[in-house]
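Now for the letters of each chain:
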Amino acid sequence: MSEGGPLDERLARLRDAVEAARSIGLEPEAAAARTVTRRVGRRAGFGGELYVMALAGGTGVGKSSVLNALAGETVSEVRAVRPTTDRPLAWVGGTRRDEVAPLLEWLKVEQVVTHDRPDLGDIAVLDLPDIDSVRGEHRALVDTLLPRIDAVTWIVDPEKYDDERVHAYWRTLALHADRLRFVLNKSDRLTEEEAHLVADDLRARLVADGIPRPALHVVSAIRGDGIDRLRSDLAEAAHAKVIVSAKLEADRAEAAKELAASVGIEPEDGYQPLLRHDRREALVREAIAGAMTLVDPDGVGRQVRAQVLHRARMGGGSFVGRVTQLGWRLIGGQRRNADPSAYLLAWRTRGALGRVLNPVRAALVEAAAAVPAESRGRILDALGAPSAERDLDAVLDRATQAEASGLEPPESLVWPVLGAAQVVAGALVLFAVAWLVTLFVAGGSIPVDSVGVPILGPIPMPLAVLVGGLLLGALLTWLLQLHAGYVGRSMAREIEERTADTVRAAVVTDGLAGLERVEAARRTIAAALD
Ligand SMILES: Nc1nc2c(ncn2[C@@H]2O[C@H](COP(=O)(O)OP(=O)(O)O)[C@@H](O)[C@H]2O)c(=O)[nH]1
Ligand SMILES: [Mg+2]
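Residues numbered from 1 in each chain as written. Chains lettered and ligands numbered in written order. Predicted model: local features only at pLDDT ≥ 70, side-chain atom pairs only at ≥ 80, totals over all residues. Heavy atoms only, no water.

Asker: Would you explain the site of ligand 1 in this entry?
Answerer: In the region of ligand 1, 18 residues are neighbours, and G60, K63, S64, S65 and D188 sit closest. Within the contact set of ligand 1, an oxygen atom lies 2.8 Å away from a side-chain nitrogen or oxygen of S64. Burial of ligand 1 by the protein amounts to 88% of the accessible area it has alone, namely 570 Å². For the shell around ligand 1, the residue count by class is 5 nonpolar, 8 polar and 5 charged. (Near = heavy atom within 4 Å. Polar contact = N/O pair within 3.5 Å; in protein donor to acceptor, adjacent residues only side chain to side chain. Areas by Shrake-Rupley, 256 points an atom, 1.4 Å probe, with all protein chains shown as cover. Nonpolar A, V, L, I, M, F, W, Y, C, P; charged D, E, K, R; others polar.)

The structure is reproduced here in structure tokens:
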């Protein structure tokens, strides 16, 4: 919240919007709005329709009394004995209290008295003992208070109106002459003639101080002389300010509206994303699916399966299996057949990057379509499609390299167990063959046991062992393939998940980073509409 008032707050938001528009390449639009922020910002005083006036003057001149007289009731305590221990006080029209609250907080004014006088409804009067003093905090008044309020009314009394120190101070305020007002109080202590003389003298001295046409009131807070006139003058100043403020506010609002229109924001609708969330999600998923056709996790999985089978056979597979695999290896077949890493790294051979990029480009073009034609080209530039290709290529390269380096199939307990079992099966087969050969050579001279098998009837023992060994071997081979397939598939899923995450992050942070920037700028611009 700005202690300078609501217009200042809105102006600050418009300034932010101007910077936001510049950041996305809308220079001319930003420049037009900046001209308005400068013009509106040059106006001095409280940034709002409220007319804020502070009472100033030495202790005992009658600031509190004048405020009470203006109000027509006791607002501020009047002290006959000095020094007083006044606390800062504000007298504000009830409907305007919120508007001026940040300023009062900043000024540490805790005592707020509201009123419902219709003639002074747009006026806030501050009774600030701090600025009584003619020494000390002068600069503070000029530098910090004057820019935030509309007027300072100096109250003097017939005894002290020509105090040289006060005049020296007023001379420093001459630049702000149009926002100074002077009240010569306690006129009841003078005859009418004396009052005229003192007023003329004071006016002449003010002119000499560099305040050409001083607004000067001669009043008596106690008797009420001149108070009506002071009140109506204040009301008139407040009214004039309302008109000026309304014009400034209209200019500001118009500038904000034009800026918003240039990024496709209608004041009635407020901020809406260029690309609806679900549409954007769909395009991101499409880009990920495109990346998956290049990375091909399923293909990698099949390679892993082949590699696992090969390792298992080498590690503990059947004798026959070992011999076959060794043969393959010697002629280089295995390398070609199962190298998941090489397969993964060759992602470029499986298609063009367009499969990933096109959905991203489509997203950006769709987003740009939501802004008016005059700014579309520049918004499209800000959305930043050009670098996406290089970036995504590098991202896919990094991702596949990372996956390839960690692509060792897990060492599994299953292999040695299956391997040992296969040795047993092989031994059984060899044993049965030897037995059969022996029987054959012996020509029936050796008796042989039979095992009874249902349906088939009695079968000679060696034959049964042979068949059993072969069946066991086949079963083990089948189990091995099942296991290898499982390992391949689960590794494929892991690769797929991780790569999809990487690609999503790349698409969102690289490919759609420009969109994020533009949306952030649009949100800032939309905020200036409030
Ligand atoms: N005779 C006379 N005395 C006044 C007038 N206004 C204020 N006083 C007296 O001046 C003293 C200081 O008044 P006060 O309003 O507290 O001054 P402040 O310190 O500037 O707020 C009090 O004793 C008031 O009664 C006035 O118009 N005529
Ligand atoms: Mg006082």
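Moving on, there is more to tell.
Asker: How do you make sense of the sheet that holds strand β6 (residues 180-184) when you look at a structure like this?
Answerer: The strands that make up a sheet pair up through hydrogen bonds in the backbone, lying either parallel or antiparallel. Read from one edge of the open sheet, 7 strands run β3-β2-β4-β1-β5-β6-β7, paired in mixed fashion. For this open sheet the edge positions go to β3 (111-115) and β7 (215-218), each flanked by a neighbour on one side alone. On average, each strand axis in the sheet is tilted by 20° relative to the strand beside it, whichever way the strands run. Looking at chain direction, strand β2 (residues 89-93) and β3 are connected through 5 bridges and run parallel. Considered in β3, the bridge of V92 is made with T114. The sheet strands contacting helix α3 (residues 63-71) are β1 (51-56), β2, β4 (123-127) and β5 (151-156), and the helix crosses β4 at an angle near 155°. (Pairing = 2+ DSSP bridges. Helix = DSSP H or I, 4+ residues; strand = E, 2+ residues; numbered from the N terminus. Axes fitted to C-alpha atoms, helices over the stretch in contact; angles between N-to-C directions. Contact = heavy atoms within 4.5 Å.)

Asker: Sorry if this is basic, but what is going on with the nonpolar core here?
Answerer: Nonpolar side chains in soluble globular proteins generally cluster together in the buried interior. In terms of nonpolar packing, the biggest core is built from 74 residues, with V356, L396 and V507 touching the most fellow members. When residues of this core are assigned to their parent elements, the largest contribution, 10 residues, is made by helix α18 (residues 461-511). Dropping the residues within four chain positions of it, V356 is found in contact with A287, G290, A291, L294, L392, L396, V503 and V507. (Core = buried A, V, L, I, M, F, W, Y, C linked by side-chain atoms within 4.5 Å. Buried < 20%, exposed > 50% of the residue type's maximum accessible area, 1.4 Å probe, protein only.)

Asker: Help me understand the packing of aromatic side chains, please; the structure alone is not making it clear to me.
Answerer: The relation between two aromatic rings is expressed through the spacing of the ring centres and the mutual angle of the planes. The full count for this structure, using the stated rule, is 4 aromatic pairs. Taken together, a centroid distance of 4.8 Å and an interplanar angle of 70° make the contact between W170 and F182 edge-to-face. Residue W170 is located in helix α6 (residues 164-172), and its partner F182 is located in strand β6; the two are separated by 12 residues in the primary sequence. The exposure classification of W170 matches that of F182, with both residues buried. Consider the rings of F431 and W435, whose centres lie 5.5 Å apart with planes at 50°: the pair is tilted. (Phe/Tyr/Trp six-rings, centres within 6.5 Å; stacked < 30°, edge-to-face > 60°.)

Asker: Help me out: how do you make sense of the pairing of β2 in this one?
Answerer: Both faces of the sheet carry side chains from a regular strand, because those side chains alternate between them. Burial of β2 is extensive: 5 of the 5 residues sit out of reach of the surface. Neither face of β2 is exposed, since L89, W91 and G93 on one face and A90 and V92 on the opposite face are all buried. In this fold, β2 hands off to helix α4 (residues 97-106), which returns the chain to β3; that crossover is right-handed. Where β2 meets β4, 4 bridges bridge the pair, whose relative direction is antiparallel. (Right-handed = clockwise from strand over helix to strand, strands pointing away.)

Asker: Explain a nonpolar patch on the surface here, please?
Answerer: A contiguous nonpolar surface patch, about 430 Å² in accessible area, is contributed by V433, V437, F440 and V441. Within the secondary structure, F440 sits in helix α17 (residues 414-442). A relative accessible area of 71% means that F440 is categorised as exposed. (Patch = residues over 30% accessible without salt bridge, like charges linked within 9 Å, V, L, I, M, F, W, Y side chains within 5 Å. Salt bridge = Lys/Arg side-chain N within 4 Å of Asp/Glu carboxyl O.)

Asker: When you look at the pairing of β1 in this model, what are you seeing that I'm missing?
Answerer: For β1, the tally of buried residues reaches 6 of 6 residues, placing the bulk of the element in the interior. What you see with β1 is no split at all: Y51, M53 and L55 on one side and V52, A54 and A56 on the other are buried throughout. Two elements, β1 and β5, share 4 bridges in a ladder whose sense is parallel. Counted as the bridge partner of M53 is A151 from β5.

Asker: Would you take a moment to explain the pattern of salt bridges for this structure?
Answerer: Where charged atoms of side chains with opposite charge meet at close range, the side chains can pair. Overall, the coordinates contain 33 salt bridges when judged by the stated rule. We note a salt bridge from E19 to R22, for which the minimum N-O separation is 3.6 Å. Placement of the pair is E19 and R22 together in helix α1 (residues 6-23), with a separation of 3 residues, close to one helical turn. Judged by relative accessible area, E19 falls into the partly exposed class, the value being 43%.

Asker: Looking at this structure, how should I read the side chain of N68?
Answerer: Its location among the elements puts N68 in helix α3. Residue N68 is classed as buried on the basis of its relative accessible area of 11%. For N68, the side chain forms a polar contact with the main-chain oxygen of S76, separated by 2.7 Å. Look past the residues within four positions of N68 in its chain and what remains in contact with it is E73, T74, V75, S76 and V78.

Asker: I tried to follow the packing of α1 against helix α2 (residues 27-42) on my own but got confused; where do I start?
Answerer: Relative orientation and spacing of two packed helices are given, respectively, by the angle between their axes and the distance between those axes. α2 packs onto α1 with a crossing angle of 160° between their chain directions and a minimal axis gap of 9 Å. Classed by the angle they form, the pair α1 and α2 counts as roughly antiparallel. Like other packed secondary-structure pairs, α1 and α2 cross with a definite hand, here left-handed. Between α1 and α2, the residues in contact are L7, L11, L14, R15, V18, E19, A21 and R22 and E27, A30, A33, R34, T37, V40 and G41, respectively. Its residues assigned to classes, the contact of α1 with α2 comprises 8 nonpolar, 2 polar and 5 charged. (Parallel < 35°, antiparallel > 145°, perpendicular 65-115°, else oblique. Left-handed = near helix turned anticlockwise from the far one by under 90°.)

Asker: Honestly, unusual backbone geometry in this entry has me stumped. Any pointers?
Answerer: Comment: phi is negative for the bulk of residues other than glycine, and the bulk of peptide bonds are trans. The backbone phi angle of K186 is positive, close to 65°, even though this residue is not glycine. By the element assignment, K186 lies in the loop between β6 and α7 (192-208). Judged by its relative accessible area of 16%, K186 falls in the buried class. Despite not being glycine, D296 shows a phi value in the positive range, around 50°. Residue position: D296 is located in the loop between α9 (277-295) and α10 (297-316). Look at D296 and you get buried, because its relative accessible area is 17%.

Asker: Whenever I open this one, α9 confuses me. Can you help?
Answerer: What sets the pattern is the α-helix's 3.6 residues per turn: residues three or four places apart point alike. When the terminal C-alpha atoms of α9 are compared, their 27 Å separation across 19 residues agrees well with the 27 Å that a helix rising 1.5 Å per residue should span. All of the buried residues along α9 are R280, E281, L283, V284, A287, I288, G290, A291, M292, L294 and V295. At the C-terminal side of α9, D296 shows a positive phi close to 50°. (Expected span 1.5 Å × (residues − 1).)

Asker: Just checking my understanding: could you explain the side chain of T37 for this structure?
Answerer: Mapped onto the fold, T37 is located in helix α2. Here T37 falls in the buried class, since its relative accessible area comes to 4%. A distance of 2.7 Å separates a polar side-chain atom of T37 from the backbone oxygen of R34. Those residues in contact with T37, other than ones at most four positions away along the chain, are L11, L14, R15 and V18.

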